[in-house]
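One-letter residues, chain by chain:
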Amino acid sequence: MQIITHRWLEPRNKHFSYLESTKEAFQNHLERGYGVEFDINFSSDDICFIFHDNNLSRVTEEWTKCITKNLSWEQIKNLKLIKNWTLLTLRELLLLIKQ
């Protein structure tokens, strides 16, 4: 049986403290042998990155309504995310999976 987590959430596990679609959550689930499911978004400079929503309001401490298509990848990756977690480009995630 292959377990695939949706958006890297484990609502029944109160000890799972990673933010969805972050490098840390992907690493944890891959290390545990789970299959991957993810959503692709695009920055204003056409970089594919992994995140479910079209804005970053649930993950950033800086801006409450950052529309991803209006921000460059450089701006997105430099946002202060909750607990300093890290967002990934599609390429970075594929390399992580390959490892």
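Residues numbered from 1 in each chain as written. Predicted model: local features only at pLDDT ≥ 70, side-chain atom pairs only at ≥ 80, totals over all residues. Heavy atoms only, no water.

A. Structural context of the overall build of the protein chain. On a plain count of helices and strands, the protein chain comes out with 3 helices and 2 strands. The order of α-helices and β-strands along the protein chain, N terminus first, is α-β-β-α-α. Split into buried and exposed, the 99 residues of the protein chain put 40% on the buried side. Restricting to contacts in the protein chain with at least 6 residues of sequence separation, those with at least 24 account for 51%. For the protein chain, the exposed surface amounts to about 6,300 Å²; the carbon and sulfur share of it is 50%. (Helix = DSSP H or I, 4+ residues; strand = E, 2+ residues; numbered from the N terminus. Buried < 20%, exposed > 50% of the residue type's maximum accessible area, 1.4 Å probe, protein only. Contact = heavy atoms within 4.5 Å. Areas by Shrake-Rupley, 256 points an atom, 1.4 Å probe, with all protein chains shown as cover.)

B. A look at unusual backbone geometry. Non-glycine residue D46 carries a positive phi angle of around 60 degrees. For D46, the location among the structural elements is in the loop between β1 (40-42) and β2 (48-50). Judged by its relative accessible area of 61%, D46 falls in the exposed class.

C. Spotlight on the pattern of salt bridges. Counted by the stated rule, this structure contains 1 salt bridge. For the salt bridge of K77 with E74, the shortest nitrogen-to-oxygen distance reads 3.6 Å. Of this pair, K77 and E74 both sit in helix α2 (residues 73-77), separated by 3 residues, roughly a single helical turn. By relative accessible area, which is 44% here, E74 ends up partly exposed. (Salt bridge = Lys/Arg side-chain N within 4 Å of Asp/Glu carboxyl O.)

D. The arrangement of helix α1 (residues 23-31) in detail. Those residues of α1 that sit buried are E24, A25, F26, N28 and H29. The inward-facing, buried residues of α1 abut β2 and α3 (90-98). Immediately downstream of α1, the backbone of G33 shows phi near 85 degrees, a positive value.

E. Seen up close, the nonpolar core. Grouped together as the largest cluster of nonpolar side chains are 12 residues: L19, F49, F51, L56, V59, L71, W73, I76, L79, L81, W85 and L87. In this structure, F26, I50, L93 and L96 belong to the second largest nonpolar core, which totals 5 residues. (Core = buried A, V, L, I, M, F, W, Y, C linked by side-chain atoms within 4.5 Å.)

F. Structural context of the packing of α1 against α3. For the pair α1 and α3, the least separation of the axes is 10 Å and the interaxial angle reads 20 degrees. Classed by the angle they form, the pair α1 and α3 counts as roughly parallel. For α1 against α3, the interelement crossing comes out right-handed. Contacts from K23, F26, Q27 and L30 of α1 reach α3 at L93, L96 and I97. (Axes fitted to C-alpha atoms, helices over the stretch in contact; angles between N-to-C directions. Parallel < 35°, antiparallel > 145°, perpendicular 65-115°, else oblique. Left-handed = near helix turned anticlockwise from the far one by under 90°.)

Nothing here speaks to function; it is geometry throughout.
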